[in-house]
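Structural features, examined
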Amino acid sequence: MQSVILIGYSGHAYSVINIFTADRWLLAGYMDDEEKKANPFDLSYLGSEKNVETLRWHRDTLFFVAVGNNHARRKITQFLQENRILIANAVHPSASVNGIVAANAGVMIGINAAVNALAEIHEGVICNTGCVIEHECIINKFAHIAPGAVLAGNVSIGEETFIGANAVIRQGVTIGRNVTVGAGSVIIHDIPDNMVVAGNPGRPLNKTSN
Ligand SMILES: CC(=O)SCCNC(=O)CCNC(=O)[C@H](O)C(C)(C)COP(=O)(O)OP(=O)(O)OC[C@H]1O[C@@H](n2cnc3c(N)ncnc32)[C@H](O)[C@@H]1OP(=O)(O)O
């Protein structure tokens, strides 16, 4: 049985725990800035990942950065990599994965998510519950595709971009980096970097710096 240590232990981590448990991994504990008051999965607290000595103590175990915020997830992942810590992927057994998923790269693929032919899922990406990522889509590093979102064929999503729950992206659309797409939006045109867009059809709400 493989074992994994989580970094982060709140809402997003709970979904990640569900995935690892369904895939029969052993959860060796969690790391966070401090011990959490809530411990619904009865995990052991192993200290802060910022303490390099503590981190290296566990270097024979795989880690997973279970942090929903895209930018924070990237920062922590980079820190782990600098310290030669090995990172797992979390793929729920119910997910249908036919694309190309970066190996050992902190990718999460949730319950009933579908990744179709030749889609690329890069490092640190979250493909959340029931999302559909169609053929030849490219999901760049540390993006998050929220539950139920549908990306038609050949869509490209920039680094650290967030696609809200149940959003629909028309085929061939390119969405830049650090973009937020509101829940339920329908995106039919390309979106430049650093925008917040929402609605049907999606329109800018304002400029963001996430
Ligand atoms: C497992 C998980 O939980 S993963 C997380 C899933 N969560 C989501 O998908 C939520 C995504 N977030 C959203 O949709 C947010 O509403 C955002 C990011 C688009 C905007 O949030 P905020 O900046 O806080 O905007 P705020 O709520 O103040 O609304 C601003 C305006 O945009 C409109 N608006 C906000 N969200 C949306 C939306 N999804 N679709 C259409 N219009 C929207 C509001 O009605 C409001 O309009 P008004 O100014 O005419 O009253």
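Rules of the game
- For every chain, the first residue of the written sequence is number 1, and numbering continues from 1 along that sequence.
- Thresholds applied to this predicted model are a pLDDT of at least 70 for local features of residues and 80 or more for the giving and counting of side-chain atom pairs; totals over whole chains, interfaces and linings are not thresholded and use all residues.
- The basis for every side-chain value is the complete set of heavy atoms in the structure, and neither hydrogens nor water enter the calculation.
- UniProt positions are given in the numbering used here, feature names are shortened, and annotations may be inferred rather than shown by experiment.
- Helix and strand definitions follow DSSP, with helices as H or I runs of at least four residues and strands as E runs of at least two, each counted in order from the N terminus.
- Here the term buried applies to any residue with accessible area under 20% of the maximum for its type, exposed to any over 50%, and partly exposed to those in between, with areas from a 1.4 Å probe on protein chains only.
- The contact rule is simple, with two residues in contact once any of their heavy atoms fall within 4.5 Å.
- We treat Lys and Arg as the positive residues and Asp and Glu as the negative residues; His and chain ends play no part in the count.
- For charged residues, the charge sits on one atom: NZ in Lys, CZ in Arg, CG in Asp, CD in Glu.
- If DSSP finds at least two bridges between two strands, the strands pair.
- Distances are taken per atom, and a residue is near a molecule or strand as soon as one of its heavy atoms is within 4 Å of it.
- The term polar contact refers here to a pair of N or O atoms within 3.5 Å; inside protein, the definition further demands a hydrogen-donor-capable atom paired with an acceptor-capable atom, and it admits residues adjacent in sequence only when both atoms are side-chain atoms.
- Throughout, the Shrake-Rupley method with a 1.4 Å probe supplies accessible areas, and for residues the shown protein chains are the sole cover considered.
- Note on residue classes: Ala, Val, Leu, Ile, Met, Phe, Trp, Tyr, Cys and Pro are nonpolar, Asp, Glu, Lys and Arg are charged, and everything else, Gly too, is polar.

By the naming in an unreviewed UniProt entry, the protein chain is N-acetylneuraminate synthase, taken from Chitinophaga alhagiae. Annotation of the protein chain in UniProt includes, under Sequence similarities (unreviewed entry), the sentence "Belongs to the transferase hexapeptide repeat family."

As for the overall build of the protein chain
Of regular secondary structure, the protein chain possesses three helices and 22 strands. Within the protein chain, buried positions represent 47% of all 210 residues. Put simply, of all contacts in the protein chain between residues at least 6 apart along the chain, 27% involve residues at least 24 apart. Here the protein chain carries 15 positive and 18 negative side-chain charges, and the mean point of each set is 4 Å from the other.

Let's talk about the pairing of strand β3 (residues 62-65)
Within a regular strand, the side chains alternate between the two sheet faces. Of the two faces of β3, both are covered, the one formed by L62 and F64 as well as the one formed by F63 and V65. Where strand β1 (residues 3-7) lies against β3, four bridges are found, and the strand directions are parallel. Within β3, the residue paired with I7 across the bridge is V65.

Thoughts on the site of the ligand
Around the ligand lies a shell formed by N128, H144, P147, F162, G164, A165, T180, G182, A183, A198, G199 and L205. Residue A165 places a main-chain N or O atom 2.7 Å away from an oxygen atom belonging to the ligand. A183 is positioned with one of its backbone polar atoms (N or O) 2.8 Å from a nitrogen atom of the ligand. Here the ligand loses 36% of its free accessible area of 970 Å² to cover by the protein chains. Split into classes, the residues belonging to the shell around the ligand amount to six nonpolar, six polar and no charged.

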